[in-house]
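Survey of secondary and tertiary structure
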Amino acid sequence: MDVACIGAGVMGQRLLDQLDRHDDVAVTAICDLDESTARSVAEQRGATVYTDYERLYRNERLDAVIIAIPSFAHTGQAITAAEQGLDLLVEKPVARTNEKAREIRAAIEDHGVISQSGYLFRYSSLVERAEELIDDRTISLIDGRYWGGVPGREWGRQKEKSGGGNVQLSTHVFDLVRYFGGDVERVAAFGGSRVNLESIDFEDVNSTTMKHENGVVSHVSTNCVTPVGRKLELVGDGFYLELDFTHRRLTGTVDDETIEYESDDSNEALRREADAFVAAVTEQDDTYVRTDYGDAAKTLELTLAANEAIETGDPVSLS
C-alpha cells in the first residue's frame, strides 16, 4: 500500500506516525506548501517532497492519499485523488462550505473510491463500550461539550478560515451526537462573547440545541474561555452514561448497575482509525470505515447550520 500525505502539519504527522506501525504501508510522498516542513516529515520516511499536489499526483503511483489540510484549503486535492481512483482519508472538517463538500462527495461517489474522514472519536473504545451497554435501548437525551480554550493555530482563530467554534472545535462532539442520535431535523443556537477574547474573532462561548428526526433531543456547548475537556452524556431507557474523552473514562449506570471503564492508551482512537483505513484499502472493504466522506459532510452541514442559527437568531431546519 503506497500512500501520500498532503498536509504535513500536526494531524498529518500524527496519522503518519500510526501508518509507520504497518510494515505493508509505504509513505512515498509528502506535500506541503511549507517545503521545509514537508522535507522534515519526508526525510525520516524516505519519501519524495512536493509543494504542489497536482505535480505529486502526476509523478507518483499510489494506492491511497491522506489529506490533512485546514478546511479552508480544500480545492482539488480530494477531487483529483478520486478521479485517479485513489482511496482517501480526509481530516475533519472535511471542507469549509457545504458546496465544496458536495463537490468532493460527488467525485468520491462517481469514481467509487473508499473514503474515510478523521472523526476519530467514533473509533474510541469508550464509544464501542457505550454501544455494547446501550445495545437496542432507546436514547432520549444527548448532551455534549467541547471546552477546549482558544485554538492553537492562527487560522483556527479566524472564523472565515476555520468556521469558528462549532465547525472547527466542537465538530467531534457534533459528530458523536449524530452517531448516537441520528440525523438532525432542527437546530437552535446562541453565542456570546462576554469575556471578549481578543485572540479570536468569533463567539467565545456558544450553545446549540437540536431535535433529531427520530425524536432524540441533544445539546452541544463550546467554550474557548476556559480549557476543561470534551465529554458526551447519554440518557435513555434505564441508563445514564458519561464519556469523558479528556480523561479517557466511561462511567454511569445501566439498570442501576455502576459502570466504570477506563482506557490507558492516549493514542487508542487515532491508532484504531489508522488501522481501519489500512484494512479498508488493502482489503478493498469499506465496512472497516465508521465515517465515510458523505457522513462527515452531514456533520459539516450540521455545524454550519448551528452557525447560521447563531448569526440569525432563528432556528434552522435541515432537509
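In this text, all values refer to a predicted model and were calculated from it rather than measured experimentally.

Negative phi characterises most residues that are not glycine, and trans characterises most peptide bonds. The omega torsion of the bond from Lys92 to Pro93 falls at -20 degrees, within 30 degrees of zero and hence cis. The topology assignment puts Pro93 in the loop between β5 (87-90) and α5 (98-111). Even without being glycine, Asn196 reaches a positive phi, approximately 60 degrees. Relative to the helices and strands, Asn196 is located in the loop between β8 (184-192) and β9 (205-212).

What follows is about the pairing of strand β7 (residues 139-147). Of the pairings in the sheet, the one linking β7 to strand β11 (residues 229-236) comprises eight bridges and is antiparallel in character. Residue pairing for β11: Ile139 is matched across the bridge by Gly236.

Spatial strand order, β14-β13-β12-β11-β7-β10-β9-β8-β15: nine strands in an open sheet with mixed pairing. Strands with a single pairing partner mark the edges of an open sheet, and in this sheet they are β14 (257-262) and β15 (316-317). Pairing analysis gives six bridges linking strand β12 (residues 239-244) to strand β13 (residues 249-254), with the strands arranged antiparallel. Following the sheet pairing, Leu241 is matched in β13 by Gly252.

Below, the discussion takes up the UniProt feature "domain: GFO/IDH/MocA-like oxidoreductase" (unreviewed entry) in the protein chain. Mapped onto the present numbering, the UniProt feature "domain: GFO/IDH/MocA-like oxidoreductase" (unreviewed entry) falls at residues 140-237. The span residues 140-237 is 21% helix and 41% strand, and its two end C-alpha atoms sit 8 Å from each other.

The next point concerns the pairing of β11. The pairing of β11 with β12 spans six bridges and is classified as antiparallel. Pairing of Leu234 across the sheet is with Leu241, part of β12. Between β11 and β12, which pair antiparallel and follow one another directly, the connecting turn spans two residues, one of which, Gly238, has a positive phi of 80 degrees.

Attention now moves to the UniProt feature "domain: Gfo/Idh/MocA-like oxidoreductase N-terminal" (unreviewed entry) in the protein chain. Sites flagged by UniProt as "domain: Gfo/Idh/MocA-like oxidoreductase N-terminal" (unreviewed entry) map to residues 2-119. As annotated, residues 2-119 has a helix share of 40% and a strand share of 21%, and its two end C-alpha atoms lie 23 Å apart.

Calculation criteria
Residues numbered from 1 in each chain as written. Predicted model: local features only at pLDDT ≥ 70, side-chain atom pairs only at ≥ 80, totals over all residues. Heavy atoms only, no water. Helix = DSSP H or I, 4+ residues; strand = E, 2+ residues; numbered from the N terminus. Pairing = 2+ DSSP bridges. UniProt positions renumbered as here; feature names shortened; annotations may be inferred.

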